[in-house]
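# Survey of secondary and tertiary structure
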Amino acid sequence: MTTVAAEVVAELAEYLESAELEARDVVKITDTYPDLDFEDAYDIQWEIRRRKLERGTRLAGLKAGLTSRAKMKQMGVETPIYGFLADYFERPEGGEIATADLIHPKVEAEIAVVTKRELRGPCHMGQALAAIDFVLPAVEIIDSRYENFRFDLVSVIADNASSSRFVLGGRMAELRDVDLPTLGVVMEKNGEVVQLGAGAAVLNHPVSSVVLLANMLAERDAVIPAGTLILTGGITAAVAVAAGDAINVRYQGLGNVTMRFV
Ligand code: 0L1
Ligand code: MG
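Residues numbered from 1 in each chain as written. Chains lettered and ligands numbered in written order. Predicted model: local features only at pLDDT ≥ 70, side-chain atom pairs only at ≥ 80, totals over all residues. Heavy atoms only, no water.

What follows concerns the sheet that holds strand E8 (residues 184-189). Sheet architecture is open: 5 strands sit in the order E4-E13-E12-E8-E9, paired in mixed fashion. Strand pairing shows two members of the sheet lacking a second neighbour, strand E4 (96-97) and strand E9 (192-198), which therefore form its edges. (Pairing = 2+ DSSP bridges. Helix = DSSP H or I, 4+ residues; strand = E, 2+ residues; numbered from the N terminus.)

Rendered as structure tokens:
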């Protein structure tokens, strides 16, 4: 149940979006408004999205966050969360990412999917699998607007699930040609292996994130439209990066995704 007035939602959306655009950290919103609930938090996130779209930003896709058991346990939660991807978040594969525009970025190896038909929750795994057009390797760069990545679930939902940048690999695959739970990834930072994982780290199967996303969106009477890019959640733990770092993630059968932080 929503607990705050529309003016508070607008004020907090501006507070968090300004922090993102100016690359500066802020204290978490529940320090000022301790009674905010999850619905308030998504109201704030949707208001940030509305502000961007009004200014001409396009929606590039959606993401699921906190989808690994390890991360949920760390946060003491049972439910993953979702956020949106704006067009200007995308950076080309093999390109540079300017750290001056970011606060304290971290990288996560993920599996991305693109849908071919609308998916409306409540739905099940079969419907989600049937709605997927193809699979892509992806790296998400998260950048919480909160000091030292310290937040609670309400605060991080409002902050668009720490969304910041993403890089897609160019090698797409049909779902039937890849076994997503056993698909292995190796993340290298400056030539050294820093993380290993397999798709099953994401709720046992990365497409489970798509089901959850559709079901969470249904609570707001929203759908996943056809042609939507979805980052399904981190397979590996998030790794902190700084200017000078080179990241290379190798995906079994799907090539590499690389980037350099400058
Ligand atoms: O994409 C993610 O799983 C991140 C969700 C937000 C939590 C964080 O910033 O670590
Ligand atoms: Mg992520």
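Here helix H1 (residues 6-21) is 16 residues long and its end C-alpha atoms lie 22 Å apart, about the 22 Å a rise of 1.5 Å per residue gives. Looking at the buried positions of H1, the neighbouring elements they touch are helix H2 (29-32), helix H3 (38-54) and helix H6 (153-158). Positive backbone phi, at 50°, marks Ala23, one or two positions downstream of H1. (Expected span 1.5 Å × (residues − 1). Contact = heavy atoms within 4.5 Å.)

For the rest of this paragraph, the subject is the pattern of salt bridges. By the definition in use, this model includes 17 salt bridges. Arg24 is the salt-bridge partner of Glu22, the closest N and O atoms lying 2.7 Å from each other. Overall, the relative accessible area of 35% leaves Arg24 in the partly exposed class. For Arg176, the salt bridge is made with Glu174, and the minimal N-O distance between the two is 3.5 Å. By relative accessible area, which is 71% here, Arg176 ends up exposed. (Salt bridge = Lys/Arg side-chain N within 4 Å of Asp/Glu carboxyl O. Buried < 20%, exposed > 50% of the residue type's maximum accessible area, 1.4 Å probe, protein only.)

The next point concerns the site of ligand 1. Around ligand 1, the neighbouring residues are Lys63, Gly65, Leu66, Lys71, Glu108, Glu140, Ile142, Phe149, Phe151, Val156, Ala161 and Ser162. Measuring from an oxygen atom of ligand 1, one finds a backbone N or O atom of Leu66 at 3.0 Å. Within the contact set of ligand 1, an oxygen atom lies 2.6 Å away from a side-chain nitrogen or oxygen of Ser162. Here ligand 1, which alone exposes 300 Å², has 96% of that area covered by the protein. Elements represented by at least two residues in the shell around ligand 1 include exactly strand E1 (59-65) and strand E6 (132-142). The residue inventory of the shell around ligand 1, partitioned by class, reads 6 nonpolar, 2 polar and 4 charged. (Near = heavy atom within 4 Å. Polar contact = N/O pair within 3.5 Å; in protein donor to acceptor, adjacent residues only side chain to side chain. Areas by Shrake-Rupley, 256 points an atom, 1.4 Å probe, with all protein chains shown as cover. Nonpolar A, V, L, I, M, F, W, Y, C, P; charged D, E, K, R; others polar.)

The next subject is the packing of aromatic side chains. Counted by the stated rule, this structure contains 3 aromatic pairs. Seen in terms of ring centroids, Tyr42 and Tyr82 are 4.3 Å apart; in terms of plane orientation they differ by 15°. Their pairing is stacked. Of this pair, Tyr42 sits in helix H3 while Tyr82 sits in strand E2 (residues 81-86), and the two are 40 residues apart along the sequence. Given a relative accessible area of 2%, Tyr82 falls into the buried group. Taken together, a centroid distance of 5.0 Å and an interplanar angle of 85° make the contact between Tyr88 and Phe89 edge-to-face. The residue whose ring lies beneath Arg49 is Trp46, and the NZ or CZ to ring-centre distance is 4.2 Å. Its guanidinium or amino end placed over the ring of Phe149, Lys106 lies 4.0 Å from that ring's centre, counting from NZ or CZ. (Phe/Tyr/Trp six-rings, centres within 6.5 Å; stacked < 30°, edge-to-face > 60°. Lys NZ or Arg CZ within 6 Å of the ring centre and 35° of its normal.)

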